[in-house]
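Topology and contacts: notes
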Amino acid sequence: MTLTLQELAVLSEGELVGDPALVIGGAASLAEAKQGEITFFANPKYVAQLRTTHASAVFVPLTLKESIAAAQIRVADPEQAFQQIALKFAPLPIEYEPMIHPSAVIGANVQFGDRVSIQPHAVIERGSTIGDDTVIGAHAYIGHECVIGAQCLIYPHATIRERSLIGARVIIHSGAVVGADGFGFEIKDGRHVKIPQIGIVQIDDDVEIGANTTIDRARFGRTWIQAGAKIDNLVQIAHNVVIGKHALIASQAGIAGSTRVGDYVMLGGQSGLTGHIEVGARVIIGAKAGVSKNIPPDSGIWWGIPATPIRKAQERLAWVNRLGQFFERVKALEEKLKR
């Protein structure tokens, strides 16, 4: 597919600076774009790449002062405009034919909505319900008495254990495990004895769960991922955790049991939350932070171990980095006193 710059300017409602007849056949980043492709510039720290890009055209902010060789389409939001146009050059999305593959294993009393697609070697256990337009990928496992809503996409090799409740338009990527037992043991006669994990996992509408993420079932009650939450790959969510609406959780974060994460919270990569605490709405937890106590809502960015407000954490880090200089000064003073 190709589009002229004039067509791209009309589609993005932008102001064209350049040859309207120039043909564009692809989209790429500033560093990787070639002649015949369009890119975007939205962050001033990439101005060096803007100056050297080989792209034929660039989406730029309305206020750009930089002079560049490439044609420009000036828009209010270059990244959003680029994303909209990049989709037009992307391959068509994969479509799954409505069917139940002969190799799929279907238990008794399974109910299917309209236009479901059950791919090869998927297993759906007894008493489960699959909603309209949902796709169950190859080798995926759906446990007993699960409910999966409409328009869900369960990728190959995902596992959804018994009695899990999945809303509509949920995406679960390969290797994710929903509903494994929570990590609960008690010591009896010097041995660790398993505490029964008899609760469920509930995942509400429009949630996305990344590859190899694990969400444990509750000890009792539910582990609950609320509507619109987005969870990256390799995240661990323990039993009875509640993740609020539209929360974002980055890769390798870990959340211990019975912790509550508020609406619109953002957890950075490798951050860790101890159990039985609450992180209030709209808080940001920085990468590698360790959270050991409640954090009130709307209290900004927290970082460090233990996590503290970002300015305090940065100050603490600066003190640590200056310790060497401090020791040298003390040493010099001791030498002076000896003399």
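A brief report on the enclosed structure follows. (Residues numbered from 1 in each chain as written. Predicted model: local features only at pLDDT ≥ 70, side-chain atom pairs only at ≥ 80, totals over all residues. Heavy atoms only, no water.)

Glancing now at the sheet that holds strand 24 (residues 200-203). Taken in spatial order, the 9 strands make up an open sheet running 10-13-16-19-24-27-30-33-36, and their pairing is parallel. Looking at the sheet topology across the chains shown, the edges are occupied by strand 10 (111-112) and strand 36 (278-279). In this structure, strand 24 lies alongside strand 27 (residues 222-225), joined through 4 bridges in parallel fashion. Bridge assignment links Val201 to a residue of strand 27, and that residue is Thr223. (Pairing = 2+ DSSP bridges. Helix = DSSP H or I, 4+ residues; strand = E, 2+ residues; numbered from the N terminus.)

Okay, the packing of helix 1 (residues 5-12) against helix 3 (residues 78-89) next. Closest axis-to-axis distance for the helix 1/helix 3 pair is 10 Å, and the angle between their directions is 125°. Our classification of the angle between helix 1 and helix 3 gives oblique. In this structure, helix 1 crosses over helix 3, and the sense of that crossing is right-handed. Judged by residue contacts, Leu8, Leu11 and Ser12 of helix 1 engage Ala81, Gln84, Ile85 and Lys88 from helix 3. (Axes fitted to C-alpha atoms, helices over the stretch in contact; angles between N-to-C directions. Parallel < 35°, antiparallel > 145°, perpendicular 65-115°, else oblique. Left-handed = near helix turned anticlockwise from the far one by under 90°. Contact = heavy atoms within 4.5 Å.)

The subject of this paragraph is the packing of aromatic side chains. Applying the stated criterion across every chain yields a total of 3 aromatic pairs. Measuring from centroid to centroid gives 4.9 Å for Phe40 and Phe82, while their planes differ by 35°, and the two rings are tilted. On the criterion of sequence distance, the pair formed by Phe40 in strand 5 (residues 37-40) and Phe82 in helix 3 is long-range, its members being 42 residues apart. With a relative accessible area of 12%, Phe82 lands in the buried category. Ring centres of Phe326 and Phe327 lie 6.0 Å apart, and the angle between their planes is 55°; this geometry places the pair in the tilted category. For Phe326, a relative accessible area of 45% translates into the label partly exposed. The exposure class assigned to Phe327 is exposed, which follows from its relative accessible area of 53%. (Phe/Tyr/Trp six-rings, centres within 6.5 Å; stacked < 30°, edge-to-face > 60°. Buried < 20%, exposed > 50% of the residue type's maximum accessible area, 1.4 Å probe, protein only.)

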